[in-house]
Amino acid sequence: MPGFGEIAERLRRCTVQVLLPGERGGGSGIIWNSDGVILTNAHVARGRRVEILLWDGRRFPAVVTSRDPRRDLAALRIEDAGALGLMERADLASLHSGERLAQTEPGDSGSVRPGERLAPTEPGDSGSVRPGERLAQTEPGDSGSVRPGERLAQTERGDSGSVRPGERLAQTEPGDSGSVRPGERLAQTEPGDSGSVRPGERLAHIQPGDSAGVRPGELVIAIGNPLGFAGALSTGVVHSIGALPGMGRQSWIRADVRLAPGNSGGPLANADGQVIGINTAIVNGLGVAVPSNDAALFLSRGARPSLGVVLQPVSLGLLIREIDPAGAAAAASLRAGDVLLGSFDDLSDALDSASAVIRLRFLRGDRLRVREVYVGLEARAEAA
Amino acid sequence: MANELAALSNELAQAVKQAGSTVVAVHARPRFSSSGVFWRPGVIVTAEHTIRREEEITVTLPDGTNAPATLAGSDPGTDVAVLKVESSAQAPIARAAADPIPGNLILAIGRSEDSGVNATMGIVSAVSGSWRTWRGGRLDRYIRLDLTLYPNSSGGVVVNTEGGAIGIATSTLSRIAGVAIPGFTIDRVVDEILARGRVSRGYLGVGLQPVELPEHKKGLIVLSLEPEGPAAKAGVLIGDILVTLGATNVTDTDDIQAVLEGHAVGQKVEAVFLRGGDSRSLNIVIGERPRRS
């Protein structure tokens with residue numbers, strides 16, 4: 001029976017920092033399976049290439065193999081994993097979704113980002129705290145003078161293994177059967193993973209939980225790198241499960257845990273240490289996580305179709321603020337400044353309808369003329 | 001992989017499920033709904049400060065349907081409002097078997113129309129005896145909560161890990177923390193509201209300030225007087241020093257409230273004043289505190 005400290009430490013070792021080269025700050029990521037697929041938020045993995053910092057201080061360049069900006073999920077793969085002996089099966093099926101996604105998401109600038117959507121739709125009760133602003137904070141690039149990624153880089157680089165989390169655990173939990181060292185315990189609890197968390201060998205990965213069974217009141221553990229504190233843990237309970245106003249019909253897990261910028265992309269786990277969500281945003285002080293079942297769906301089926309636009313709700317409909325030149329909307333000659341008619345929910349439904357072509361009605365300029373375009377979607381949600 | 005943590009987690013989720021089946025969302029203010037709980041069959045209690053309109057109040061019942069509710073009455077002093085609904089089939093919440101003590105794990109359970117039941121967890125951070133709120137009411141116990149109350153959860157029920165109700169949560173009675181309005185106080189207010197439609201409070205119509213008297217005695221000097229108020233009608237003057245009310249020595253304004261709580265509106269109470277060095281006794285007919293507008 002694993003104790004709380006062991007559950008937390010195992011999760012911590014499956015949680016990575018996701019750093020963008022040349023940018024300040026960073027987010028978190030989850031080592032999802034034994035193939036070394038790392039899951040994070042799309043708003044964390046903004047570029048094609050990122051850098052991964054493991055719990056033990058090792059750094060690896062990684063490529064973004066797929067992004068679903070509508071669900072705010074992205075999958076990463078450590079580039080030279082095979083050479084490092086990290087993933088023996090790096091050439092196996094896990095890469096399929098990546099290849100498919102490479103097609104569907106040619107650029108990284110596209111897409112509907114949650115921050116923009118949330119800002120106008122949830123004005124917030126306590127005036128000063130608006131969801132949009134919090135979300136803006138959760139995007140690592142915004143955290144002005146604080147430079148979490150770099151600070152961490154310094155602290156981890158200098159020690160070269162002298163302050164490893166495993167040892168810290170041993171120190172901080174003297175009552176926890178001191179003779180058993182964390183590494184050994186980990187080897188026991190993950191028999192399928194050929195044990196061990198020693199550098200140079202295979203990565204420890206999380207156990208996904210069934211997010212459909214999550215109930216309000218369950219204990220949860222969140223791990224991430226808030227404000228640059230690597231592997232920081234906070235606990236709480238599931239607050240509620242359901243849709244967020246103005247964010248479409250998709251369901252989110254809201255948790256009463258303390259999160260901060262840098263937690264994005266990190267795991268939200270239940271009392272068994274199974275990951276039930278991916279921490280994504282802070283809305284009215286509550287942590288908001290993508291359910292793990294949605295993440296599993298994303299990994300198995302790839303990203304859902306998207307228009308490649310950044311939208312902002314306006315009185316008439318949805319204003320296109322930015323457009324990805326390589327996206328489906330641009331291919332249908334939509335431009336920034338056009339206003340799509342209809343609600344965000346309607347648009348989400350159309351995109352998820354599994355048809356390759358959707359019809360959009362929009363306004364251009366002040367002529368109040370409605371035009372229609374057929375948007376061909378390169379990616380299709382595959383039939384189940 | 002059963003562990004103690006998972007067992008606790010399961011217990012908490014069970015408590016939320018059980019208690020949550022009596023918790024409703026209350027739609028009586030703009031933007032954010034609040035929460036309420038079936039306290040008796042057909043009777044919902046919620047936090048008074050979340051009721052911003054007296055008509056067209058609806059509640060989202062535990063089964064997800066919306067139903068109209070009528071405001072039976074409210075008591076701003078204790079921040080309790082009482083709603084009535086036609087749904088008598090709904091079972092009320094079970095009460096906690098034991099009094100809360102500091103350190104007890106507790107859950108605040110609310111409901112919103114969009115995402116159903118919601119919960120936050122924390123501990124009881126302090127419990128003390130009878131406590132007068134800044135709004136003038138009296139709680140039979142002061143139960144301070146160390147948990148986060150989100151806008152939707154004011155008026156929701158505070159339960160222990162067995163799902164038994166300790167009281168209802170309010171964020172407005174204390175600046176530093178959420179407070180649970182104790183079950184006993186809710187019972188008292190609900191009884192009075194259902195019987196009379198409101199909670200009436202005794203009223204003298206005087207503004208008082210504690211003063212030191214010779215020989216280490218204390219009294220309350222009348223600094224202001226409501227014209228045509230109960231005290232003015234009885235002949236009290238500004239500058240009089242009140243020393244006893246209803247045979248109780250009074251040295252603090254809380255003493256006045258305590259005496260008034262023991263006397264019904266309309267009853268006579270004897271007041272002894274010092275005026276110009278002489279002691280004189282007056283009978284004041286207790287009036288009813290005017291409602292806040």
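Before reading further, recall that the structure is shown in the block above.
Below, the structure is looked at part by part. In this text, all values refer to a predicted model and were calculated from it rather than measured experimentally.

### Concerning the overall build of chain A
- A tally of helices and strands in chain A yields 11 helices and 17 strands.
- Burial statistics for chain A: of 384 residues in total, 55% are counted as buried.
- Surface summary for chain A: the accessible area is close to 15600 Å², and the carbon and sulfur share equals 51%.

### A closer look at the sheet that holds strand E1 (residues 15-19) of chain A
Residues and elements named next belong to chain A.
- Pairing is antiparallel in the closed barrel, where 6 strands are placed in the order E1-E2-E3-E6-E5-E4. Strand after strand, the sheet turns through a mean of 40° between neighbouring axes, direction not considered.
- When strand E4 (residues 49-53) meets strand E5 (residues 59-68), the two strands line up antiparallel, connected through 5 bridges. What sits directly across from Leu53, in E5, is Arg59.

### Observations concerning the environment of Thr251(B)
All names here are of chain B.
- With respect to the helices and strands, Thr251 occurs in the loop between strand E19 (248-249) and helix H4 (253-261).
- Residues Thr251 and Lys268 lie 17 residues apart in sequence; the distance between their C-alpha atoms is 21 Å.
- Ignoring anything within four residues of it in the chain, the contact list for Thr251 reads Pro210, Lys218 and Leu220.

### Side note on the nonpolar core
- Counting residues in each nonpolar core, the largest one holds 32 residues, and the members touching the most others are Val37(B), Trp39(B), Val45(B), Ile93(B), Ile109(B), Val157(B) and Ile186(B).
- When neighbours within four sequence positions are excluded, Ile186(B) is seen to be in contact with Trp39(B), Val45(B), Val80(B), Gly167(B), Ile168(B) and Ile181(B).
- The next biggest cluster of nonpolar side chains, apart from the first, holds 27 residues, and it includes Ile30(A), Trp32(A), Ile206(A) and Ala281(A).

### What about the interface of chain A and chain B?
- Between chain A and chain B, the residue contacts involve 27 residues of the former and 24 residues of the latter.
- Linking chain A to chain B there are 0 salt bridges.
- For the pair chain A and chain B, the interface holds 6 residue pairs in polar contact (both at pLDDT 80 or more).
- For the side of chain A that touches chain B, the secondary structure elements donating two or more residues are helix H1 (4-13), strand E8 (232-243) and strand E9 (251-256) of chain A.
- Among the residues making up the side of chain A that touches chain B, the classes are represented as 13 nonpolar, 7 polar and 7 charged.

### Notes on the packing of aromatic side chains
- Counting across every chain of the model gives 1 aromatic pair over all chains.
- Both rings, one in Trp131(B) and one in Tyr142(B), keep their centres 4.6 Å apart while their planes meet at 45°; by these two values the pair is tilted. Highlighted residues: Trp131(B) in strand E9 (residues 131-132) and Tyr142(B) in strand E11 (residues 142-146), separated in sequence by 11 residues.
- Under the relative-accessibility criterion, Trp131(B) is labelled partly exposed at 22%.
- Given the relative accessible area of 12%, Tyr142(B) is considered buried.
- Over the ring of Trp55(A) we find Arg13(A), and its NZ or CZ is 4.3 Å from the ring centre.
- Above the plane of the ring of Trp252(A) lies Arg71(A), whose end atom (NZ or CZ) is 4.6 Å from the centre.

### A short note on the pattern of salt bridges
Residue and element names in this part refer to chain B.
- In this structure the tally under the stated criterion is 21 salt bridges over all chains.
- Put simply, Arg95 and Asp187 hold a salt bridge, and the shortest N to O gap is 3.1 Å. You can see Arg95 sitting in the loop between strand E6 (80-84) and strand E7 (105-112) and its partner Asp187 sitting in helix H2 (residues 183-196), a full 92 residues away along the chain.
- Judged by its relative accessible area of 36%, Arg95 falls in the partly exposed class.

### Quick look at the environment of Leu204(B)
- Tracing the chain through its elements places Leu204(B) in the loop between strand E15 (202-203) and strand E16 (206-213).
- Excluding residues within four positions of it along the chain, Leu204(B) makes contact with Gly229(B), Pro230(B), Ala231(B), Leu245(B), Ile256(B), Leu260(B) and Ile284(B).

### Examining the sheet that holds E6(B)
Residue and element names in this part refer to chain B.
- If you walk around this closed barrel you meet the 6 strands as E1-E2-E3-E6-E5-E4, and the pairing is antiparallel. If you compare each strand with its neighbour and ignore which way they point, the axes differ by 40° on average.
- Relative to strand E4 (residues 57-60), strand E1 (residues 23-27) is paired through 3 bridges, and the arrangement is antiparallel. Each bridged residue has a counterpart across the sheet, and for His27 the counterpart in E4 is Thr58.
- On top of the sheet, H2 reaches strand E2 (34-40), strand E3 (43-47), strand E5 (66-75) and E6; it is set at about 80° to E2, its chief contact.

### Section: the side chain of Ser35(B)
Residue and element names in this part refer to chain B.
- Here Ser35 shows up in strand E2.
- Assessed through its relative accessible area of 0%, Ser35 is described here as buried.
- At 2.9 Å, the side chain of Ser35 and the backbone nitrogen of Arg111 are in polar contact.
- Setting aside residues no more than four positions away along its own chain, Ser35 makes contact with Val23, Val24, Ala25, Val26, Thr46, Gly110, Arg111, Asn152, Ser153, Ser154, Gly155 and Gly156.

### A short note on H4(B)
Residue and element names in this part refer to chain B.
- Every buried residue of H4 is accounted for by Ile256, Val259 and Leu260. The buried residues of H4 occupy an angular sector of 100° when projected down its axis, which confines them to one face.
- Check the buried side of H4 and you find it contacts E15, E16, strand E17 (217-225), strand E18 (241-245), E19 and strand E20 (268-275).

### Focus on the pairing of E6(B)
Residue and element names in this part refer to chain B.
- The element E6 is largely enclosed, with a buried count of 4 among its 5 residues.
- As paired strands, E3 and E6 are joined by 5 bridges and run antiparallel to one another. Its bridge partner lying in E6, Thr46 is registered against Ala81.
- For E5 and E6, the ladder comprises 5 bridges, and the chain directions are antiparallel.

Procedures and definitions
Residues numbered from 1 in each chain as written. Chains lettered and ligands numbered in written order. Predicted model: local features only at pLDDT ≥ 70, side-chain atom pairs only at ≥ 80, totals over all residues. Heavy atoms only, no water. Helix = DSSP H or I, 4+ residues; strand = E, 2+ residues; numbered from the N terminus. Buried < 20%, exposed > 50% of the residue type's maximum accessible area, 1.4 Å probe, protein only. Areas by Shrake-Rupley, 256 points an atom, 1.4 Å probe, with all protein chains shown as cover. Pairing = 2+ DSSP bridges. Axes fitted to C-alpha atoms, helices over the stretch in contact; angles between N-to-C directions. Contact = heavy atoms within 4.5 Å. Core = buried A, V, L, I, M, F, W, Y, C linked by side-chain atoms within 4.5 Å. Salt bridge = Lys/Arg side-chain N within 4 Å of Asp/Glu carboxyl O. Polar contact = N/O pair within 3.5 Å; in protein donor to acceptor, adjacent residues only side chain to side chain. Nonpolar A, V, L, I, M, F, W, Y, C, P; charged D, E, K, R; others polar. Phe/Tyr/Trp six-rings, centres within 6.5 Å; stacked < 30°, edge-to-face > 60°. Lys NZ or Arg CZ within 6 Å of the ring centre and 35° of its normal. Arc of directions from axis to C-beta.

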